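# Tertiary structure, described
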Amino acid sequence: MFYHKVKRVDFITNVNMQEKGGPLKGVPLLRISIPTKIVSEKATFEIPFGYIKRPTNGKEVPALKWIDLSNKEYGISLLNNCKYGHSVYRKTIRLNLIRNSYDPDPESDTGLHDFTYSLYPHKEDFKIADTIKRSYELNNPLFVIKTSSHKGRLPSKASFFEIGPKNLIISAIKKAEGSDNLIIRAYDGYGKKVKRLKINTLFPIKK
């Protein structure tokens with residue numbers, strides 16, 4: 001799926017997995033392979049609250065919402081909303097979609113699967129391309145609610161929360177257990193030092 005003014009290509013995928021494995025047959029595996037022209041000795045993989053560089057040797061490794069293969073000029077990020085087995089072999093990016101194991105559960109991944117993965121080509125590296133934010137946009141899409149025309153208190157364009165500098169990512173907003181205070185959790189997604197945190201919000205803040 002293509003979007004106007006959104007620089008990613010979504011692959012909305014529906015699979016009915018019926019192939020079964022066994023001791024003699026092995027484990028059925030559904031995987032995508034994405035050939036590129038990008039030459040790099042290492043690729044970047046998201047880990048909890050950060051990222052790690054790993055060699056492009058084809059070894060399967062875990063990652064969360066994104067991985068990236070880039071050189072100094074351009075790159076490709078592979079985003080996903082629920083898959084974790086990744087590998088990069090030389091110039092080919094691979095993502096494991098379904099592995100229908102037979103032990104201990106012979107029906108582990110049998111049945112219907114709905115998931116989305118996306119290609120996000122970009123210039124330079126993943127930091128300049130905001131790959132982390134693009135992965136959050138895929139995993140936390142906007143929900144549109146239809147309503148009648150009425151006067152409202154909010155402006156036509158606004159953000160409930162804005163955080164800076166650019167390398168900081170809000171990971172959670174929740175109400176405190178013992179009061180009406182809000183707790184905002186944020187992390188540095190790019191490995192930079194932060195001397196001062198800036199938060200703007202539409203909500204009235206006392207302190």
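Report on the accompanying structure. (Residues numbered from 1 in each chain as written. Predicted model: local features only at pLDDT ≥ 70, side-chain atom pairs only at ≥ 80, totals over all residues. Heavy atoms only, no water.)

### Regarding the sheet that holds strand 10 (residues 111–123)
Which entries qualify depends on this criterion: Two strands make a pair as long as DSSP finds a minimum of two bridges between them. Under the DSSP-based scheme used, a helix requires at least four consecutive residues in state H or I and a strand at least two consecutive residues in state E, with every element numbered from the N terminus. To define axes, lines are fitted to C-alpha atoms, for helices over the stretch in contact only, and angles between the resulting N-to-C directions are given on a 0 to 180 degree scale. Residue contacts are counted whenever heavy atoms from the two residues lie within 4.5 Å of one another.
Ordered in space as 1-10-7-6-3-4, the six strands form an open sheet in which the pairing is antiparallel. In this open sheet, the two strands that pair with only one neighbour each are strand 1 (9–17) and strand 4 (50–55). Here the average twist between neighbouring strands, direction ignored, is 20°. In the packing of helix 1 (residues 131–139) onto the sheet, the strands contacted are strand 1, strand 6 (66–70), strand 7 (74–80) and strand 10, and the crossing angle to strand 7 comes to about 30°.

### Side note on the sheet that holds strand 8 (residues 85–89)
The sheet built from four strands is open, its strands ordered 2-9-8-5 with antiparallel pairing. The outermost strands of the open sheet, each flanked by one partner alone, are strand 2 (29–35) and strand 5 (61–62).

### Some thoughts on helix 1
We apply this condition: For every residue, the accessible area (1.4 Å probe, protein chains only) is compared with the maximum for its type, and the residue is labelled buried under 20%, exposed over 50%, or partly exposed between those bounds. What the arc covers is the set of directions going from the helix axis to the C-beta atoms.
All of the buried residues along helix 1 are Thr131, Ile132, Ser135 and Leu138. Along helix 1, the residues classed as buried sweep out an arc of 120° about the axis, all on the same side.

### A few points about the environment of Ala129
Checked against the element boundaries, Ala129 lands in the loop between strand 10 and helix 1. It is 24 Å that separates the C-alpha atoms of Ala129 and Lys157, two residues lying 28 residues apart in sequence. Excluding its chain neighbours within four sequence positions, the residues that come into contact with Ala129 are Tyr120, His122, Lys123 and Arg134.

### Concerning the nonpolar core
The condition that has to hold: Take the buried Ala, Val, Leu, Ile, Met, Phe, Trp, Tyr and Cys residues and link them wherever side-chain atoms come within 4.5 Å; each set so joined is a nonpolar core.
Core analysis: the biggest nonpolar cluster contains 21 residues, and Phe45, Ile67, Leu78, Val88, Ile93, Leu97 and Tyr117 have the highest contact counts within it. Of all elements in the fold, only strand 1, strand 2, strand 3 (42–47), strand 6, strand 7, strand 9 (92–99) and strand 10 reach the threshold of two or more residues within this core. For this core, the element with the highest residue contribution is strand 9, accounting for four residues. When sequence neighbours within four positions are dropped, the list of residues in contact with Phe45 reads Tyr51, Ile52, Arg54, Val61, Pro62, Ala63, Trp66, Ile67, His86 and Val88. Formed by 10 residues, the second largest nonpolar core is a distinct cluster that contains Tyr120, Ala129, Ile132 and Tyr190.

Remember that the coordinates give geometry; whether it matters functionally is a separate question.
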